[in-house]
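Here is how the chains run, residue by residue.
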Amino acid sequence: MLTKFETKSNRVKGLSFHSKRPWILASLHSGVIQLWDYRMGTLIDRFDEHDGPVRGVHFHKSQPLFVSGGDDYKIKVWNYKLHRCLFTLLGHLDYIRTVQFHHEYPWIVSASDDQTIRIWNWQSRTCISVLTGHNHYVMCASFHPKDDLVVSASLDQTVRVWDIGALRKKTVSPADDILRLSQMNTDFFGGVDAVVKYVLEGHDRGVNWASFHPTLPLIVSGADDRQVKIWRMNDTKAWEVDTLRGHMNNVSCVLFHSRQDIIVSNSEDKSIRVWDATKRTGLQTFRREHDRFWILSAHPEMNLLAAGHDSGMIVFKLERERPAFSVSGESLFYVKDRFLRTFEYSTQKDTQLIPIRRPGSNTLNQGPRTLSYSPTESALLVCSDVDGGSYELYIIPKDSYGRGDTVQDAKRGVGGSAVFVARNRFAVLEKSTNQVLVKNLKNEIVKKSVLPIPTDAIFYAGTGNLLCRSEDRVSIFDLQQRIVLGELQTSFVRYVVWSPDMESVALLSKHSIVIADKKLAHRCTLHETIRVKSGAWDDNGVFIYTTLTHIKYCLPNGDSGIIKTLDVPVYITKIYGSTIFCLERDGKNRPIIIDSTEYVFKLCLLRKRYDQVMSMIKNSELCGQAMIAYLQQKGFPQVALYFVKDERTRFNLALESGNIEKALESAKKIDEKDHWYRLGVEALRQGNAGIVEYAYQKTKNFERLSFHYLITGNLDKLSKMMKIAEVKNDVMGQFHDALYLGDVRERVKILENVGHLPLAYITASVHGLHDVTERLAGELGENIPSLPKGGKKASLLIPPNPVLRAGDWPLLMVSKGIFEGGLDDAGRGGGAAEEDYDEVADADWGEGLDIGDVDSLPNGDIRTVLDGDEDGAHEENDEEGGWDLEDLELPPDSETPKTANSNARSSVFVAPTPGMPVSQIWVQRSSLAAEHAAAGNFDTAMRLLSRQLGIKNFTPLKSQFTDLHMGSQTYLRAFTSAPVLSIAVERGWSEQASPNVRGPPALVFDFSHLDEKLKAGYKATTSGKFSEALRHFSTILHTIPLIVVETRREVDEVKELILVAKEYVLGLQIELKRRELKDNPIRQQELAAYFTHCNLQLPHTRLALLNAMTVCYKAQNLSTAANFARRLLETNPSNESQSKTARQVLQAAEKNMKDATQLNYDFRNPFVVCGATYVPIYRGQKDAICPYCSTHFVPAQQGQICTVCDLSVVGSDASGLLCSPSQVR
């Protein structure tokens, strides 16, 4: 028995599984009904309204309902979503034993100690039938899963089967009047809705339980005579088939297993017994120490059972459902229905190989547990629990693929587990002696090794190595040297999954996953509440695993997340890109397509592949609070900024990433005091005086603003602050500003105005303002304060005059981070972004913040301080012209302090030895023509193109060559006397890279530019600008030889693009040629027809067909025109007028299916068009091909320059396009 979940509670009398969710209801002897999630092991809800024990409970199949019946004679129907009882059905006169919903009709059947069975309609909430006939307590009653039958068991020692067909008919069609009359009679004189079909007598004591077989006409019953009886029935009679004896006390409950041919029963003898339903013998017995069993329940869909006993319940399985499998290269070997099968991942073909011996014993759980496969020898080890653990060795014959019927005698042996450790050697664990026996394919022992830790299972760990598992640890043991290579403490490991390169291993326990390296050095641990089932490594080194309910991922640093939700558990066998191959429990192979964007994004962040992160942000639908929280937690708030729409969150993220520009944008939109304050603090930290000033203005924080002007030396604005303080009647503020300015007269005036004459007198006399001193002395009279006589040397409290007025702190010029630059670009759209970049380049401030923007901000906020009632103050201030921020002067670049080079003082100068020019390094390392051109080595680039693509005419490529060379260099002015320095620009340069390692040149031509050209070409074609379109497609063909891409996939895309451009160039040349020929209608029709055979986009093909149809129709070539009309209609044109024209042409042509003139065009015979002469070359005729654009020509054109690409020689030998370093490796 595999116990999945166990509860401790009062005695459990009723159980019911939910059909879809992992829930089970348990009704207790105490009157409580519990709702458990058996997968999570949690109590979800409890329902406590019954008075006394609740003996029966049942979930509805599809509605959010369940029904319960108890010793209070009540049947209650509950809604578990609303957490309450909906209504109570009253009618029984004694304890209710069982209740059950009908699988189809709105009925409930209940059995009671009042010797009746009642059927209720839960929608109308009425009793619709009473089944009387038993003459003792009715212990259970249940509906047949398909037919109109009810089975009941009673203490009167009988089992009865009732036919309720009439009740169904009455429910379905009670419309006829005659029926209604008879119905009234039956209601008066006792119904005949349900009649006894059979009475099964055979038990010697009261019968406690009876249940139907899910599909066969069988009934099983259990009684107080300790026997389980099987009954069979047909249309007319029912009879006893057999009796199963073995229980030592009353049998409480018995049922047929829905998936296997077995009967499960439980009893008050504290045991659950499993019986073989065909052989009618006992298979297995599970006992409890102290608890009698009362009830059994089977899951309607899954292979789960539940049993209720005196102190709780258990949810269990009888057998493992995990198929034994082993992955080898591109194949999966697995066991299904006693056969070994193989599944090819590439073709998705499933083949039966050989039959596998059935275990001799008839107990459960004897099927194969694990497989181990040796591909070179086609040998397979099948391990199972037979005889306490044994293995069988099969050699798969080569000819058995596809036949799978050859029975072969396997070599057998006893051992805890067996795995291949080399091509023709396998290791078997002998638990009793704790040693490993290494055997050959003849099953002979070659070597014995004692294991270093007490081991209960062994797993493969690379050739010659074993991973040994004990209760609390695993270790890797080298069989050759007999040493332990690594050890790791973990919870009990069930499965071991190695990465394809054998560098990483995942150890799967029941509720955790440990990731370690090949020496078992711990990397990370993951904990899961729901059981872990399987896992595999994907190509990126991410571990993908399944639990019972989800497919999840685990990154190398231990971050995990959900990829997909599962309906049923699956076992991952292999991962190809975004396809996960799984085995289901019934042995079916199932590919699951997943969206790997989230974990690939996180992996790129982890591995600092920011270019990929950028493209994913731009192109994929990544969003959500979880992603923002993740980016913030991992220290990428600047990336999170681009996912967020909420301004408050944006503001916080911008501050966190130090992006003052974005924070200012958000603060303006939020416009709250707290946000302005925080912006000011961050701007101050970055030394951004303009924004500090602006933030203080917005919060009207005049004290801070005054101090800010003091430390930046802005005396003009400080004096304005003093006037504002005066207007606001803020004496302390005014006094402080006067103190900051060193304005003594103003301080004396303030002290005088507020009545502090002695202080005003002292201030004036100390600072030598004699005129003021005399005036104040007159006012003070005799109260003149005495001044101390000078003993110490005193100095006046006057601030020094600022020499420089400070602006923003000079910061190092850094390029914007990849995220700021690229993402702003994506956010704004092209033009605005370019202007921004120019501004950043011109400025000398760290963040590309346009300070002018802050300068010109309207200063309304501070003017509002001057309230209407202070008009006089307004007039005083008018001559000052208000308080403006226009005069914020920034220091020019020349004044920015530069740090002197510490080596400048060195007296001796040693000239450095010249290194190899970068261009030379580029040429030596690369065989890509574009990189040679970038290095300025045009002749080798031309030689390469000639060899690879047969190019002879380089005139169209001249401008591309010069652009590449200029674009891969940048130039620095040194001194007036020194020459300009040229500096190589490298592709993929980063600060972390070693300065001695030179990267490949940066190239001005990018594959994405060609994409734009392609779109422009399509657009021009659609609008009929054929010359312009031809120019675009020719440019594509002239640029592709000088394109460099990174991956093989992109190489394929480039090759595909050549073919697309070639088809369009050829087609457009044909069409332009047709337009020149005004006086040759036959040739015009031929060219129009050939144009339709170029492989164009569907809308363009339709236009070409419409064009050809029109031309031919006008020339009275009706048969040919009809062919074009037919082809046009086959494309299902979305434009209704096109369809209409085509249908009209067809109708006209059907009357006269003739051509007025003979054309050199046979649409039934496949052909290609010659690129020079524009004549068809039919299949089988000789032709010459351009080695670059693969256009076909008539043999006469051999050796000429291709007229389509205008580069290569027709028919010349060439090795093929080389446009990626991946092709060279």
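Per an unreviewed UniProt entry, the chain goes by the name Coatomer subunit alpha and belongs to Erythranthe guttata. Listed in UniProt under the heading Subunit (unreviewed entry), the comment for the chain reads: "Oligomeric complex that consists of at least the alpha, beta, beta', gamma, delta, epsilon and zeta subunits."

Further remarks concern unusual backbone geometry. For Arg482, which is not a glycine, the phi torsion comes out positive at approximately 55°. On the accessibility criterion, Arg482 (45% relative accessible area) is partly exposed. A positive phi is found at Asn1132, a non-glycine position, where the angle reads about 50°.

Two side chains with opposite charge may pair up if their charged atoms get near one another. As enumerated under the stated definition, the model contains 42 salt bridges in all. The salt bridge involving Arg341 is made with Asp350; its shortest N-O contact spans 3.0 Å. Using a relative accessible area of 19% as the deciding quantity, one classes Arg341 as buried. Residue Asp350 is classed as partly exposed on the basis of its relative accessible area, which comes to 32%. Arg1075 is paired through a salt bridge with Glu1071; the nearest N and O atoms lie 3.2 Å apart. Here Arg1075 pairs with Glu1071, and both are found in helix α28 (residues 1048–1076), just four residues apart, close to one helical turn. You can call Glu1071 buried: its relative accessible area is 0%.

An order of β53-β54-β55 is seen for the three strands of this open sheet, with the pairing classed as antiparallel. Of all strands in the sheet, those with a lone pairing partner are β53 (570–576) and β55 (589–593), marking the two edges. Ignoring which end each strand starts from, the neighbouring axes of this sheet average 30° apart. Looking at chain direction, β53 and strand β54 (residues 579–584) are connected through six bridges and run antiparallel. Residue pairing in the sheet places Tyr571 in a bridge with Leu583 of β54.

Glancing now at the sheet that holds strand β39 (residues 435–440). Consider a sheet: its strands pair through backbone hydrogen bonds, and that pairing is either parallel or antiparallel. Strand order in the open sheet formed by four strands is β37-β38-β39-β40, with antiparallel pairing between adjacent strands. Strand pairing shows two members of the sheet lacking a second neighbour, β37 (418–422) and β40 (445–450), which therefore form its edges. When strand polarity is set aside, the average angle formed by the axes of neighbouring strands in this sheet is 30°. Across four bridges, the pairing between β37 and strand β38 (residues 425–430) is antiparallel.

The biggest cluster of nonpolar side chains holds 86 residues, and the ones touching the most others in it are Leu945, Phe1033, Ile1040, Ile1070 and Tyr1188. Looking at which element gives the most residues to this core, the answer is α28, with ten residues. Among all residues touching Ile1040, those that are not within four sequence positions of it are Leu1010, Val1054, Leu1057, Ile1058, Tyr1188 and Leu1217. By size, the runner-up hydrophobic cluster in this structure holds 57 residues, among which are Phe17, Leu200, Val254 and Phe316.

A few words on the side chain of Ser534. If you trace the backbone, Ser534 turns up in strand β49 (residues 532–537). In terms of polar contacts, Ser534 uses its side chain to reach the side chain of Thr546, at 2.8 Å. Within the structure, Ser534 has its side chain in polar contact with the backbone nitrogen of Ile572 (distance 2.8 Å).

The next point concerns the environment of Arg1083. Along the chain, Arg1083 falls in helix α29 (residues 1081–1091). For the pair Arg1083 and Lys1073, spaced ten residues apart in the sequence, the C-alpha separation amounts to 9.9 Å. Residue contacts for Arg1083: discarding those within four places in its chain leaves Leu1077, Tyr1090, Thr1173 and Tyr1174.

Moving on, we come to the pairing of strand β41 (residues 457–460). Where a strand is regular, its side chains alternate between the two sheet faces. When β41 meets strand β42 (residues 465–469), the two strands line up antiparallel, connected through four bridges. The partner of Ala457 across the bridge, within β42, is Arg469. The hairpin turn running from β41 into β42, its antiparallel successor, is four residues long, and Gly462 in that turn takes a positive phi close to 100°.

Here we take up helix α27 (residues 1026–1039). In this model α27 runs 20 Å from its N-terminal to its C-terminal C-alpha over 14 residues, within 8% of the 20 Å that 1.5 Å per residue would give. Among the 14 residues in α27, ten count as buried, and that is most of the element. Considered for burial, the residues of α27 that qualify are Phe1026, Ala1029, Leu1030, His1032, Phe1033, Ser1034, Ile1036, Leu1037, His1038 and Thr1039. At its buried positions, α27 is contacted by α25 (958–967), α26 (1007–1022) and α28.

So, how was this worked out
Residues numbered from 1 in each chain as written. Predicted model: local features only at pLDDT ≥ 70, side-chain atom pairs only at ≥ 80, totals over all residues. Heavy atoms only, no water. UniProt positions renumbered as here; feature names shortened; annotations may be inferred. Buried < 20%, exposed > 50% of the residue type's maximum accessible area, 1.4 Å probe, protein only. Salt bridge = Lys/Arg side-chain N within 4 Å of Asp/Glu carboxyl O. Helix = DSSP H or I, 4+ residues; strand = E, 2+ residues; numbered from the N terminus. Pairing = 2+ DSSP bridges. Axes fitted to C-alpha atoms, helices over the stretch in contact; angles between N-to-C directions. Core = buried A, V, L, I, M, F, W, Y, C linked by side-chain atoms within 4.5 Å. Contact = heavy atoms within 4.5 Å. Polar contact = N/O pair within 3.5 Å; in protein donor to acceptor, adjacent residues only side chain to side chain. Expected span 1.5 Å × (residues − 1).

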